[in-house]
There are 2 protein chains.
Amino acid sequence: MPSDPFNARQIAIAGVGLIGGSIAAALKQRGYPGIIVGVGRSEAKLRDIQAAGLIDEFTTDAAAGAKLSDLIIFCTPVDHIVEGILAAARASRPGTLITDAGSVKGPICEPLRGQLPEGVAFIGSHPLAGSEKQGYEHADADLFVGRTCVLTPDADAPHEQIARLRAFWESLGFAAVLEMSPEHHDNVIARTSHLPHAVAAALALAVSGPEERQMAATGFRDTTRIASGDPDLWAAILLENAGPIGAALDNFAGRLEELRGAIAQHDAARLKNLLQLAKTNRDRIA
Amino acid sequence: MPSDPFNARQIAIAGVGLIGGSIAAALKQRGYPGIIVGVGRSEAKLRDIQAAGLIDEFTTDAAAGAKLSDLIIFCTPVDHIVEGILAAARASRPGTLITDAGSVKGPICEPLRGQLPEGVAFIGSHPLAGSEKQGYEHADADLFVGRTCVLTPDADAPHEQIARLRAFWESLGFAAVLEMSPEHHDNVIARTSHLPHAVAAALALAVSGPEERQMAATGFRDTTRIASGDPDLWAAILLENAGPIGAALDNFAGRLEELRGAIAQHDAARLKNLLQLAKTNRDRIA
């Protein structure tokens, strides 16, 4: 990446946690030649992140961070992204590209539509990678390798900015960069990410005694791993995407009821058929 | 283990798949000095297992396998264990200890109560270890290291046989060997193993399109991993433990409904509280 394909001499990352830190680590490892500026609220923490070698400079002043940057990526909690982008956009020069890494797209893209200064572009992103861990300490330069990133450009988004953003994510290792509407993204991700999170949390809530903990084998551990995620971050995500999640929960409840009916009625043929379908679906992902 | 603490010159393993094969591998690796006999239906497959070094001898005649063995372990599908044990017990000498590795205990222990020849003991076991993989090809000598094994002895089970069985599982690497009633086991395991399986299968059923597969990140992969398990084996397990699983599903549905209500009502405080409780429960397991 010595001459970066996304044309940015300075990149600002607002919110240098697991995702923001991994973006910085991936840029550094791949030889990004420009300056990486970390933007956050805690100067002490930003200093640690700089000492860890993830960022070159830092600021607690979002406008200052935006002013000299060609590309700005918001990795803050989903319920803080819109206000952060509006503030940064006001300080940005024409030609600046702003994106985010939020797990919901409609509630971010809709309020920003038509609200940015002339020449400043916002295009939503959702890098589909993560971990139940949080914090820049777990930043991983290869977190995105082989993964999928979704872009949700508005109909009037400049083509060259979409191309820049695509080149940016691809340079970090993503195997696929998809484009779709924010609404479509939110419906699909409700089923593939938010629903599993709610389900894992409900399972973890349902198994609470010391004996149950001792008798929880690898299956239970895997199935509930994501329930260790940060409650504040996930509450914000689930609330921002409440509508699609409700529909996903309905669909899930229907499938679970089918399994339950087959078990209760001792219908071995139907139960095997359902489990085989589930296995086929799952094996296609692996 | 040069002089084995469970006093068995010959061990028969009926059903040499992932669990039976891993028991054999663990015995071999830990220097078990006696003979391991594989019992199965397919001579060709048993020959392969012998060639892989897991077993010393094999037979397709369950009575012949039982006749000279001091310890017999049934690792067959749960709906075939009772009939297999009754056949083996008829051919066994007094002093023989028979156990199983089934994921349900009541439907195995109850029908066997009082049905075995004088001097032949059956004590149910459930080694809490496994994988979505199957077959002796995935046998792992360390599959049981650090895990928990449950024994469900009847009230009149000879103490020396319980001690032998405990010594046997401990010698394979289990960190804890618990004793409880078959009914209690089935209730707890319904929540910690069978419920997660049904939930993972329902999630895998709910996400079926090619775009959803592409947008399924690590969270979805982990949460549904066990849905790749063998449909026939799991249908048998779920049907054998239908009652406790129904109760576990009720409990789970209640927890999921709490989460759903908090999301639908945009009650951030309640949602964070539930997610925090789930995280606390889950973190205690890890």
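Structure shown above.
In this text the structure is predicted, and so the values were computed from the model without any measurement.

Regarding the sheet that holds strand E3 (residues 57-59) of chain A
Residues and elements named next belong to chain A.
Here's step 1: With parallel pairing, six strands are arranged side by side in an open sheet as E3-E2-E1-E4-E5-E6. Unpaired on one side and paired on the other, E3 and strand E6 (121-122) mark the two borders of the sheet.
Here's step 2: Pairing analysis gives two bridges linking strand E5 (residues 97-100) to E6, with the strands arranged parallel. When the bridges of E6 are listed, Leu97 appears paired with Ala121.
Here's step 3: Relative to strand E4 (residues 71-74), helix H4 (residues 81-91) is tilted by about 160°, and along the sheet it contacts E4, E5 and E6.

With respect to the sheet that holds strand E8 (residues 148-152) of chain A
All names here are of chain A.
Here's step 1: Ordered by their spatial adjacency, three strands build an open sheet running E7-E8-E9, and the pairing between neighbours is mixed. Two strands close off the open sheet at either side, each with one partner strand: strand E7 (124-128) and strand E9 (176-179). Across this sheet, the average inter-strand angle for adjacent strands is 20°, counted without regard to direction.
Here's step 2: Here five bridges tie E7 to E8, and the two strands are oriented antiparallel to one another.

A word on the interface of chain A and chain B
Here's step 1: Residue-level contacts link 81 residues of chain A with 81 residues of chain B.
Here's step 2: For the pair chain A and chain B, the summed buried area comes to about 7900 Å², and 67% of that belongs to carbon and sulfur atoms.
Here's step 3: Linking chain A with chain B are six salt bridges.
Here's step 4: Here B:Asp222 and A:Arg225 are joined by a salt bridge, their closest N and O atoms 2.3 Å apart.
Here's step 5: Within the residue set of the side of chain A that touches chain B, elements represented by two or more residues are E8, E9, helix H7 (182-206), helix H8 (210-214), helix H9 (218-224), helix H10 (231-240), helix H11 (242-264) and helix H12 (268-285) of chain A.
Here's step 6: When its residues are assigned to classes, the side of chain A that touches chain B shows 44 nonpolar, 19 polar and 18 charged.

Section: the packing of aromatic side chains
Each aromatic ring pair is described using two quantities: the centre-to-centre distance and the angle formed by the ring planes.
Residue and element names in this part refer to chain A.
Here's step 1: The final tally for this structure, using the stated rule, is 11 aromatic pairs over all chains.
Here's step 2: Ring geometry for Phe6 and Tyr32: centres 5.9 Å apart, planes at 25°, overall stacked. In this pair, Phe6 is assigned in the segment before strand E1 (10-14) and Tyr32 in the loop between helix H1 (18-29) and strand E2 (35-39), connecting sequence segments 26 residues apart. Here the two residues Phe6 and Tyr32 agree in accessibility, since each one is buried.

Considerations on the nonpolar core
Here's step 1: Counting residues in hydrophobic clusters, the biggest one holds 106 residues, and the most contacted among them are A:Phe252 and B:Phe252.
Here's step 2: If we skip the residues at most four places from it in the chain, A:Phe252 touches A:Leu195, A:Val199, B:Val199, B:Ala202, B:Leu203, B:Ala206, B:Phe252 and B:Leu256.

The rules we used
- Residues numbered from 1 in each chain as written.
- Chains lettered and ligands numbered in written order.
- Predicted model: local features only at pLDDT ≥ 70, side-chain atom pairs only at ≥ 80, totals over all residues.
- Heavy atoms only, no water.
- Pairing = 2+ DSSP bridges.
- Helix = DSSP H or I, 4+ residues; strand = E, 2+ residues; numbered from the N terminus.
- Contact = heavy atoms within 4.5 Å.
- Axes fitted to C-alpha atoms, helices over the stretch in contact; angles between N-to-C directions.
- Buried area = accessible area lost by both parts, 1.4 Å probe.
- Salt bridge = Lys/Arg side-chain N within 4 Å of Asp/Glu carboxyl O.
- Nonpolar A, V, L, I, M, F, W, Y, C, P; charged D, E, K, R; others polar.
- Phe/Tyr/Trp six-rings, centres within 6.5 Å; stacked < 30°, edge-to-face > 60°.
- Buried < 20%, exposed > 50% of the residue type's maximum accessible area, 1.4 Å probe, protein only.
- Core = buried A, V, L, I, M, F, W, Y, C linked by side-chain atoms within 4.5 Å.

Keep in mind these numbers describe shape, not what the thing actually does.
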